[in-house]
Amino acid sequence: AVEAREAAQIAEEQGEYEKALAQFERSRAIEKSLNDQKAMASALNNIGLIHSNMENYELALQHHQLSLELREETEDKRGIAASLNNIGTVHQALEQYSEAMKCYEQSLAIKRAIGDERNLPATIDNLGELHILLGDPEAAIQYCKEGLALAERLEALNYQKSNCGCLYKAHK
């Protein structure tokens, strides 16, 4: 399963999404035979992310929902928050903004409750971006400033970049 997962990640980084999907599906089948629900939830999440990258949003949503269900069964709070965040991004891509908002807010609440600072900037940035789309630049600025401050403290350059981009868009 580990080899398939690593091959999938390499294929994804190279933009070979079909190959990545095949490898993640292989990984999921192995994890299913081992009854490793946490690993299966992770594989389903990764499959959902690939489908999002390919703009297959309905398939992405299906896989993220299945991942969320497994994570809820195993009480994996960090995983639940990640799945909710990813479901939110799919809803946002589908312009289902109220659903996206609900998912992001649930994800943010869980991340704060469990002290998952490392993954907070992603959801905070997503909320900022969503508020820009909703025509609420003031709320977007607040979220992006919070995300940027946290990303700087964590020295998370990717989140610093995305929150700076969010701030730029909010000020336009």
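Residues numbered from 1 in each chain as written. Predicted model: local features only at pLDDT ≥ 70, side-chain atom pairs only at ≥ 80, totals over all residues. Heavy atoms only, no water.

**Q** Would you mind showing me how to read the state of the cysteines here?
**A** Here is the idea: a disulfide is a covalent bond, and it sits between the sulfur atoms of two cysteines. Evaluation of the coordinates by the stated rule reveals one disulfide. What pairs with Cys144 in a disulfide is Cys166, and their sulfur atoms sit 1.9 Å apart. With Cys144 in helix H8 (residues 137-154) and Cys166 in helix H9 (residues 157-171), the pair connects residues that are 22 residues apart, well separated along the chain. No difference in accessibility class separates Cys144 from Cys166, as the two residues are buried. Its sulfur unpaired, Cys103 is 18 Å from the next cysteine sulfur, which belongs to Cys166. Free of any disulfide, Cys164 has its nearest cysteine sulfur in Cys144, 9.3 Å distant. By relative accessible area, which is 40% here, Cys164 ends up partly exposed. (Disulfide = S-S within 2.5 Å. Helix = DSSP H or I, 4+ residues; strand = E, 2+ residues; numbered from the N terminus. Buried < 20%, exposed > 50% of the residue type's maximum accessible area, 1.4 Å probe, protein only.)

**Q** What is the right way to look at the pattern of salt bridges in this model?
**A** Under the defined criterion, the tally for this structure stands at eight salt bridges. Between Lys19 and Glu16 there is a salt bridge, with its nearest N and O atoms 3.8 Å apart. Judged by its relative accessible area of 34%, Glu16 is partly exposed. Linking Asp116 and Arg78 is a salt bridge whose minimum nitrogen-to-oxygen distance equals 3.3 Å. In this pair, Asp116 is assigned in the loop between helix H6 (97-114) and helix H7 (120-133) and Arg78 in helix H5 (residues 77-93), connecting sequence segments 38 residues apart. Take Asp116: its relative accessible area is 2%, and that puts it in the buried class. When its relative accessible area of 42% is taken as the criterion, Arg78 is described as partly exposed. (Salt bridge = Lys/Arg side-chain N within 4 Å of Asp/Glu carboxyl O.)

**Q** Can you walk me through the packing of helix H1 (residues 2-13) against helix H2 (residues 17-33) in this structure?
**A** One can describe the packing of H1 onto H2 by two numbers: an axis separation of 8 Å at closest approach and a directional angle of 160°. One element, H1, and the other, H2, form an angle in the roughly antiparallel class. Like other packed secondary-structure pairs, H1 and H2 cross with a definite hand, here left-handed. Across the interface between the two elements, Ala4, Arg5, Ala7, Ala8, Gln9, Ala11 and Glu12 of H1 pack against Tyr17, Lys19, Ala20, Gln23, Phe24, Arg26, Ser27 and Glu31 of H2. Taken together, the residues of the contact of H1 with H2 break down into seven nonpolar, three polar and five charged. (Axes fitted to C-alpha atoms, helices over the stretch in contact; angles between N-to-C directions. Parallel < 35°, antiparallel > 145°, perpendicular 65-115°, else oblique. Left-handed = near helix turned anticlockwise from the far one by under 90°. Contact = heavy atoms within 4.5 Å. Nonpolar A, V, L, I, M, F, W, Y, C, P; charged D, E, K, R; others polar.)

**Q** I would appreciate a short explanation of the environment of Ile141 in the present structure.
**A** As for its placement among the helices and strands, Ile141 is situated in helix H8. The class for Ile141 is buried, based on a relative accessible area of 11%. Each C-alpha atom, one on Ile141 and one on Asp36, is 41 Å from the other, the two residues being 105 residues apart in sequence. Ignoring anything within four residues of it in the chain, the contact list for Ile141 reads Leu167, Ala170 and His171.

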